[in-house]
Amino acid sequence: DTEVTQTPKHLVMGMTNKKSLKCEQHMGHRAMYWYKQKAKKPPELMFVYSYEKLSINESVPSRFSPECPNSSLLNLHLHALQPEDSALYLCASSWRGGTSQTQYFGPGTRLLVL
Amino acid sequence: GQSLEQPSEVTAVEGAIVQINCTYQTSGFYGLSWYQQHDGGAPTFLSYNGLDGLEETGRFSSFLSRSDSYGYLLLQELQMKDSASYFCAVRDPSEGNQGGKLIFGQGTELSVKP
């Protein structure tokens, strides 16, 4: 199984809503990532978990809250988002982060904040 | 800081060969990766060069010259389905082994015409 799955595929939320994005992989990877991608731009790293511990937070606003319940799951909790947060949110995984440049991406959640 | 430069757009015809160049500036270097992303899709890993030379995978090849801080992706026998964005990427050396933070180029949009 070389797949990273993400749910939901699409999400529309208001600025006062709370929602969560979910990501799952069963490749035994111990590094998992959240990226944000705007149209015609490269993915921007938000968070990295290595061995289920948060190892990198790219100064992301606190309205985004990551969680890694176990080595296969990664969540991104969203609260009080702004319209400029509308983007494609990508999850990825890899073998132990520092030694691998091969990341496997999920299909993404397309988020629209109204 | 780290930076990568690649052309923003390339156009070619079916059956042709196209080369997408990438030059990089990093304080440390752990190899160059290439990712493909179709419109609305997720980035997909294509290739990795850790050492100088050519890596070939089917119709795609990737080349690296560390002395020139330069690499390229070569796509042969172009097909319509190769129309996509192509990103070169390097690992951020400042992160050490904390996590696999990738720095992406701005992406090259390849259009393949009939």
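Use the structure listed above.
Heads up: these notes are all about the structure in this document.

Cut-offs applied
- Note that residues are indexed from 1 along each chain, following the sequence as it is written.
- Chains and ligands are labelled by the order in which they are written, letters from A for the one and numbers from 1 for the other.
- It should be noted that, the model being predicted, local features are given only for residues of pLDDT at least 70 and side-chain atom pairs only at 80 or more, the latter also being counted only at that level, while totals for whole chains, interfaces and linings use all residues.
- The side-chain numbers reported here are obtained from all heavy atoms of the structure, hydrogens and water having been left aside.
- In DSSP terms, a helix is any run of H or I states spanning at least four residues, a strand is any run of E spanning at least two, and both are numbered starting from the N terminus.
- Here the radius of gyration uses the C-alpha set of atoms, whereas the globule reference equals 2.2 Å times the residue count to the power 0.38.
- Categorising residues by exposure relies on relative accessible area from a 1.4 Å probe, with only protein chains included: less than 20% of the type maximum marks a residue as buried, more than 50% marks it as exposed, and the intermediate range marks it as partly exposed.
- Should any heavy atoms of two residues lie within 4.5 Å, those residues are considered in contact.
- Counted as positive: Lys and Arg. Counted as negative: Asp and Glu. His and the chain ends are not counted at all.
- To locate a charge, the coordinates of NZ of Lys, CZ of Arg, CG of Asp or CD of Glu are taken.
- The criterion for a disulfide is a pair of cysteine sulfur atoms lying within 2.5 Å.
- Nonpolar cores are built from buried Ala, Val, Leu, Ile, Met, Phe, Trp, Tyr and Cys residues. Side-chain atoms within 4.5 Å join them into one set.
- Within 6.5 Å between ring centres, the rings of Phe, Tyr and Trp (the latter by its six-membered ring) count as paired, and their orientation is classed by plane angle as stacked under 30 degrees, edge-to-face over 60, tilted in between.
- Criterion for a charge above a ring: Arg CZ or Lys NZ at most 6 Å from the ring centre, at most 35 degrees from the ring normal.
- Salt bridge, as used here: a side-chain nitrogen of Lys or Arg that lies within 4 Å of a carboxyl oxygen of Asp or Glu.
- What makes two strands pair is DSSP finding at least two bridges between them.

Let us look at the overall build of chain A. Broken down by element type, chain A carries zero helices and 11 strands. Each helix (α) and strand (β) of chain A, taken in turn from the N terminus, gives the series β-β-β-β-β-β-β-β-β-β-β. Against the globule reference of 13 Å for 114 residues, chain A gives a C-alpha radius of gyration of 13 Å, in line with a compact fold. Looking at chain A as a whole, 50% of its 114 residues qualify as buried. A separation threshold of at least 6 residues defines the contact pool for chain A, and within that pool the share at least 24 residues apart is 55%. Charge separation in chain A, taken as the distance between the mean sites of 13 positive and 9 negative side-chain charges, equals 4 Å.

Attention shifts here to the state of the cysteines. Residue and element names in this part refer to chain A. Taken as a whole and assessed by the stated rule, the structure comprises two disulfides over all chains. Two residues share a disulfide in this structure: Cys23 and Cys91, whose sulfurs sit 1.8 Å from each other. Of note, the bridge from Cys23 to Cys91 carries an S-S torsion of about -70° and is left-handed in sense. Note that Cys23 is positioned in strand 3 (residues 18-25) and Cys91 in strand 9 (residues 87-94), a separation of 68 residues in sequence. Classification of Cys23 as buried rests on a relative accessible area of 2%.

With that settled, the discussion passes to the nonpolar core. A general feature of soluble globular proteins is that nonpolar side chains tend to end up buried together. All names here are of chain A. Ranked by size, the top nonpolar core spans 23 residues in total, and within it Trp34, Phe64, Leu76 and Leu78 carry the most contacts. Those elements giving two or more residues to this core turn out to be strand 2 (10-13), strand 3, strand 4 (31-37), strand 5 (44-50), strand 7 (64-70), strand 8 (73-79), strand 9 and strand 11 (109-113). Among residues more than four places away in sequence, those in contact with Phe64 are Met46, Phe47, Leu76, His77, Leu78, Leu81, Asp85 and Tyr89.

Turning next to the packing of aromatic side chains. All chains considered together, the criterion is met by 11 aromatic pairs over all chains. An aromatic cluster of at least three residues, connected via ring pairs, comprises Tyr33, Tyr35 and Phe105 of chain A together with Tyr35, Phe45, Phe87 and Phe104 of chain B. The residue whose ring lies beneath Arg91 of chain B is Tyr30 of chain B, and the NZ or CZ to ring-centre distance is 3.9 Å.

A few words now on the pattern of salt bridges. Enumeration according to the criterion identifies seven salt bridges over all chains in this entry. Between Lys40 of chain A and Glu109 of chain B there is a salt bridge, with its nearest N and O atoms 3.3 Å apart. Taken as a pair, Lys40 of chain A in the loop between strand 4 and strand 5 and Glu109 of chain B in strand 11 (residues 108-113) lie in two separate chains rather than in one. With a relative accessible area of 29%, Glu109 of chain B lands in the partly exposed category. Across the pair Lys101 of chain B and Asp92 of chain B runs a salt bridge whose closest N-O atoms are separated by 3.5 Å. As far as burial versus exposure is concerned, Lys101 of chain B and Asp92 of chain B are alike and both buried. One continuous salt-bridge network, built from bridges that share partners, spans Glu58 of chain A together with Asp92 and Lys101 of chain B.

To continue, consider the environment of Tyr72 of chain B. Residue and element names in this part refer to chain B. By secondary structure assignment, the location of Tyr72 is in strand 8 (residues 70-75). A relative accessible area of 16% means that Tyr72 is categorised as buried. Residues Tyr72 and Phe45, spaced 27 residues apart in sequence, show a C-alpha to C-alpha distance of 15 Å. With sequence-adjacent residues up to four places away left out, Tyr72 is seen in contact with Gln19, Ile20, Asn21, Trp34, Leu54, Ser61, Ser62 and Phe63.

Residue and element names in this part refer to chain A. Strand direction decides the pairing type here: strand 1 (residues 4-7) and strand 3, joined by four bridges, are antiparallel. Directly across from Thr7, in strand 3, lies its bridge partner Lys22. Two elements, strand 3 and strand 8, share seven bridges in a ladder whose sense is antiparallel. Along strand 8, the bridge assignment pairs Lys19 with Leu78.

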